[in-house]
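# Observations on the three-dimensional arrangement
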Amino acid sequence: MPSLKKVRQEAWEFYQEWRKEKTYSPALKSEIRVSLKGWAHLSGSDKVRRKRTHQDAYRRYKLLPYAKEIIETSTTIQNITEKRKRKFYAL
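Predicted, not measured: the structure shown is a model, and the values here were computed from it. (Residues numbered from 1 in each chain as written. Predicted model: local features only at pLDDT ≥ 70, side-chain atom pairs only at ≥ 80, totals over all residues. Heavy atoms only, no water.)

## Thoughts on unusual backbone geometry
In this structure, Arg-84 is a non-glycine residue whose phi angle is positive, near 45 degrees. Position of Arg-84 among the secondary structure elements: in the loop between β3 (79-83) and β4 (86-90). The phi angle at Lys-85 is positive, at roughly 65 degrees, despite the residue not being glycine. (Helix = DSSP H or I, 4+ residues; strand = E, 2+ residues; numbered from the N terminus.)

## Some details on the pairing of β4
Pairing between β3 and β4: 5 bridges, direction antiparallel. The residue of β4 that forms the bridge with Lys-83 is Arg-86. Hairpin connection of β3 to β4: 2 residues between the antiparallel strands, including Arg-84 at a positive phi of 45 degrees. (Pairing = 2+ DSSP bridges.)

## Regarding the pattern of salt bridges
Scanning all chains against the criterion turns up 7 salt bridges. Here Asp-56 and Arg-59 are joined by a salt bridge, their closest N and O atoms 2.4 Å apart. Note that Asp-56 and Arg-59 are positioned in helix α3 (residues 54-73) at a spacing of 3 residues, about one turn of the helix. The exposure class assigned to Arg-59 is partly exposed, which follows from its relative accessible area of 44%. Between Lys-68 and Glu-72 there is a salt bridge, and its shortest N-O distance comes to 3.7 Å. Of this pair, Lys-68 and Glu-72 are both found in helix α3, 4 residues apart, which corresponds to roughly one turn of the helix. In this structure Lys-68 comes out as buried when scored by relative accessible area, which is 14%. Note on Glu-72: relative accessible area 30%, which makes it partly exposed. Salt bridges here are not isolated pairs; linked through shared partners, they connect Arg-52, Asp-56, Arg-59 and Arg-60. (Salt bridge = Lys/Arg side-chain N within 4 Å of Asp/Glu carboxyl O. Buried < 20%, exposed > 50% of the residue type's maximum accessible area, 1.4 Å probe, protein only.)

## Some points on the packing of aromatic side chains
To describe a pair of aromatic rings, one takes the distance between the centres and the angle between the planes. A complete count under the given rule lists 5 aromatic pairs for this structure. Arranged with centres 6.2 Å apart and planes meeting at 55 degrees, the rings of Phe-14 and Trp-18 form a pair that is tilted. Remark: Trp-18 and Phe-14 occur in helix α1 (residues 4-20); sequence separation between them is 4 residues, near one turn of the helix. Residue classification places Trp-18 among the buried residues on the basis of a relative accessible area of 5%. Between the aromatic rings of Tyr-15 and Trp-39, the centroid separation amounts to 5.3 Å while the plane-to-plane angle is 55 degrees, which identifies the pairing as tilted. Taken together, the positions of Tyr-15 in helix α1 and Trp-39 in helix α2 (residues 36-43) put the pair 24 residues apart, joining distant regions of the chain. Residue Tyr-15 is classed as buried on the basis of its relative accessible area of 5%. What links up through ring pairs into an aromatic cluster is the set Trp-12, Phe-14, Tyr-15, Trp-18, Trp-39 and Tyr-61. (Phe/Tyr/Trp six-rings, centres within 6.5 Å; stacked < 30°, edge-to-face > 60°.)

Quick look at the structure:
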């Protein structure tokens, strides 16, 4: 199993390339923005969340390409939740 450091670096490089692209979500019927705020959420480096465990971080980094694929191909919204006046969509 590759080290977390290596997997994180690969995920960061993937994310940086993804940020340069225009990403359209058929389910949301709009373009979405891939931002550094999203990376902070993914990696657990934002100030609101506790640090991610080694296993959780590793899993999230490895699944990143699938998240992109789901966003770009899913045509349905599975669930909508609202927290602190923000909506969260599950595709």
